[in-house]
Amino acid sequence: MIEDLRAAPEQSIILLHARAHNPIGVDPSLEQWKAISDVCKARKHVVFFDNAYQGFASGDPDRDAQAFRLFVEEGHEVVLTQSFAKNFGLYGQRVGALHFVCASRSEATAVDSQLKVIIRAMYSNPPIHGARIVADILSDPSLLRLWEEDVMRMATRMRRMRERLVEVLN
């Protein structure tokens, strides 16, 4: 992967899966993420993270945010998509977010302006039901705690299923 990142043309858009790679569940270590970050920075790549399974790798949503937080700390301008469909069980709601980490306020203003143009052309009033469910859970300490327990149970279950699959295949 490192060699492919080095061979990619400068300023390429690099799509990375943040955590909980499906179906294998194998993720780079923090040291490997650092090496990926170094190459992306040297080649001036634009890093685009897909974060559809936050919490399902380790059972801890904060821990599963390490990769993109590392890239931001290292000075990358990052694009991040977050889906709450899987980790909140809202599959039919298509709940998520698109984040841009920009180099300056003026760049952020320009990105915001362009996104508004794109979004307005696609839809005027997005569905809000699923987003309100997520907001309610994340803003209520007792509901947040219950959700974190559910995420841990799901991550543990997936890890056990993968381990069992390896046992059966061996």
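Above this text is the structure in question.
Conventions and cut-offs
Residues numbered from 1 in each chain as written. Predicted model: local features only at pLDDT ≥ 70, side-chain atom pairs only at ≥ 80, totals over all residues. Heavy atoms only, no water. 1 Å grid on protein atoms, 1.4 Å probe; cavity = no way out; pocket = protein on both sides within 12 Å on 5 of 7 lines; lining within 4 Å. Points joined across faces, edges and corners; volume = space filled by probe spheres on them. Helix = DSSP H or I, 4+ residues; strand = E, 2+ residues; numbered from the N terminus. Nonpolar A, V, L, I, M, F, W, Y, C, P; charged D, E, K, R; others polar. Core = buried A, V, L, I, M, F, W, Y, C linked by side-chain atoms within 4.5 Å. Buried < 20%, exposed > 50% of the residue type's maximum accessible area, 1.4 Å probe, protein only.

Undergrad: Break down the layout of surface pockets for me, citing the residues and quoting the values.
TA: In this structure, the largest pocket occupies an estimated 690 Å³ of space. Looking at the largest pocket, it is lined by 23 residues, and the ones nearest its centre are R94, G96, A97, L98 and Y123. Every element with two or more residues in the lining of the largest pocket is listed here: β2 (46-51), β3 (78-83), β4 (96-100), α4 (105-122) and α5 (129-139). In terms of residue count, α4 provides more of the lining of the largest pocket than any other element does, four residues in total. When its residues are assigned to classes, the lining of the largest pocket shows 13 nonpolar, eight polar and two charged.

Undergrad: Could you give me a rundown of the nonpolar core, with the residues and numbers involved?
TA: Among soluble globular proteins, nonpolar side chains are generally buried collectively. Of all hydrophobic cores here, the largest spans 17 residues; its most connected members are L16, W33, I36, F49 and F71. Taken together, the elements giving at least two residues each to this core come down to β1 (13-17), α2 (30-42), β2, α3 (66-73) and β3. Ranked by size, the runner-up nonpolar core spans 14 residues in total, among them A20, A57, F84 and M158.

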